[in-house]
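Structural overview for review
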Amino acid sequence: MTARYRLVHRTTYTYDAPVTLSYGRAHLTPRATAHQQVLSSSVDITPGTSERRESTDFHANPTLWFRVDEPHDRLEVTATSELVVDRHDADAAALDAPWEAARDGLGASDEARDHRLPSPLVDPAAAREYVAPSFVSGRPLGAALTELLDRVADDFTYRSGATTVRTTVPEVLAARSGVCQDFAHLVIAGLRSLGLAARYVSGYLETSPPPGRAKLRGADASHAWAAVLVPGAGWIELDPTNRQFVDERYVVAAWGRDYTDVPPLKGVIYTDATRSTLQVGVDLLRLPGE
């Protein structure tokens, strides 16, 4: 299915004392992919920047680096994009094949290797026992992934504020609660523990779904999900927060090994402030005609 969207992601920081210098790095421009065409994109920063530079990171994600010299007690970063998403169902033959075929066919490419290893927030060994019952020998990959999505949705409670951006997989397993980022890390860790290549995807969900379709969790903020590499079929994306495979309602911003590779916005400030607040608002609205 095809959908055209307007995406607005607004981040506002306020401080109780002036910030004299601010450096930031953003992953706020959606990347172009085989199923996603970016028609336009801009990032506006208030107060204005003294320096800004666009580039790509190690994973070829668009990134923006900026510097604000003007003293300020409020920083607002607004990213606006228009894009078209055209997704198709995952390759049926790949999903029907034994899951071991996806593992054994990976080879030694850099892409496969980088996404099979531990990373800062993904410890494969910590999740192996949890995922093992879904991946019995010879089971079709699609059936194994579907059961894993169902188990995560049943076993864990979505609870905003229950975790932080530094929460680890063992902590999520112990708490049995978290948010989309945590459930993505858990699934990625489990898939890597089996020798599969899995990556973290940062992006967005349609804010207001079409008539007759339920609103998904994570639709009013940036979202995260997982993807597994299947030789010959590419990356198959799955959302454990909403127990489903990814469809045209999802927009990809960036991908990497885990959250630490692709936070939407991070930086360093120079200030005497002792308190700050953060507000984030996201709207992903389907445009007429799609």
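This section reports on the structure supplied with the text. (Residues numbered from 1 in each chain as written. Predicted model: local features only at pLDDT ≥ 70, side-chain atom pairs only at ≥ 80, totals over all residues. Heavy atoms only, no water.)

So, the overall build of the protein chain
Filter applied, for reference: Numbering of helices and strands runs from the N terminus; a helix is a DSSP stretch of H or I covering at least four residues, while a strand is a stretch of E covering at least two. To get the radius of gyration, use the C-alpha atoms; to get the globule rule, take the number of residues to the power 0.38 and multiply by 2.2 Å. Residue exposure (1.4 Å probe, protein chains only): buried if accessible area is under 20% of the type maximum, exposed if over 50%, otherwise partly exposed.
When you go through the protein chain residue by residue, the secondary structure sums to seven helices and 14 strands. Over its C-alpha atoms the protein chain spans a radius of gyration of 19 Å, differing by no more than 12% from the 19 Å that the globule rule assigns to 290 residues. Expressed as lengths along the three principal axes of its C-alpha atoms, the size of the protein chain is roughly 60 × 45 × 40 Å. The buried share among the 290 residues of the protein chain stands at 50%.

Digging into the side chain of Ser134
Worth spelling out the cut-off: Contacts described as polar in this section are N or O atom pairs within 3.5 Å, which, within protein, must combine one atom able to donate a hydrogen with one able to accept it, while residues neighboring in sequence count only if both atoms come from side chains.
As for its position among the elements, Ser134 is in the loop between α4 (124-131) and α5 (141-155). A polar side-chain atom of Ser134 sits 2.9 Å from a polar atom in the side chain of Glu147.

Digging into the sheet that holds strand β12 (residues 250-256)
Using the following cut-off: Any two strands are treated as partners once DSSP identifies two or more bridges connecting them.
The strand order β11-β10-β9-β8-β12 describes an open sheet built from five strands, whose pairing is antiparallel. Taken across any chain shown, the strands that pair with only one partner, and hence form the sheet edges, are β11 (244-245) and β12. Sheet analysis places strand β9 (residues 223-230) next to strand β10 (residues 234-239), joined by five bridges and oriented antiparallel. Looking at the pairing, Ala226 lines up with Leu238 of β10.

Observations regarding the pattern of salt bridges
The criterion, for reference: The working definition used for a salt bridge is a side-chain nitrogen of Lys or Arg within 4 Å of a carboxyl oxygen of Asp or Glu.
Inspection of the entire model under this criterion finds 17 salt bridges. The shortest N-O distance in the salt bridge between Arg249 and Asp247 comes to 2.7 Å. In this pair, the class of Arg249 matches that of Asp247, namely buried.

A look at the packing of α4 against helix α7 (residues 180-193)
The test is simple: What counts as an axis is a line fitted to C-alpha atoms, over the stretch in contact for a helix, and the angles between N-to-C directions run from 0 to 180 degrees. Orientation is classified from the angle alone, with under 35 degrees giving roughly parallel, over 145 giving roughly antiparallel, 65 to 115 giving roughly perpendicular, and any other angle giving oblique. Any two residues whose heavy atoms approach within 4.5 Å at even a single point are treated as in contact. The residue classification treats Ala, Val, Leu, Ile, Met, Phe, Trp, Tyr, Cys and Pro as nonpolar and Asp, Glu, Lys and Arg as charged. All others, Gly included, are polar.
The geometry of α4 relative to α7 is characterised by a closest axis approach of 7 Å and an angle of 85 degrees between their N-to-C directions. One element, α4, and the other, α7, form an angle in the roughly perpendicular class. For the pair formed by α4 and α7, the contact residues are Pro124, Ala127, Arg128, Tyr130 and Val131 on the first element and Leu186, Ala189, Gly190, Arg192 and Ser193 on the second. In terms of residue class, the contact of α4 with α7 is made up of six nonpolar, two polar and two charged.

So, to be careful, I would describe these as geometric facts and stop short of saying anything about function.
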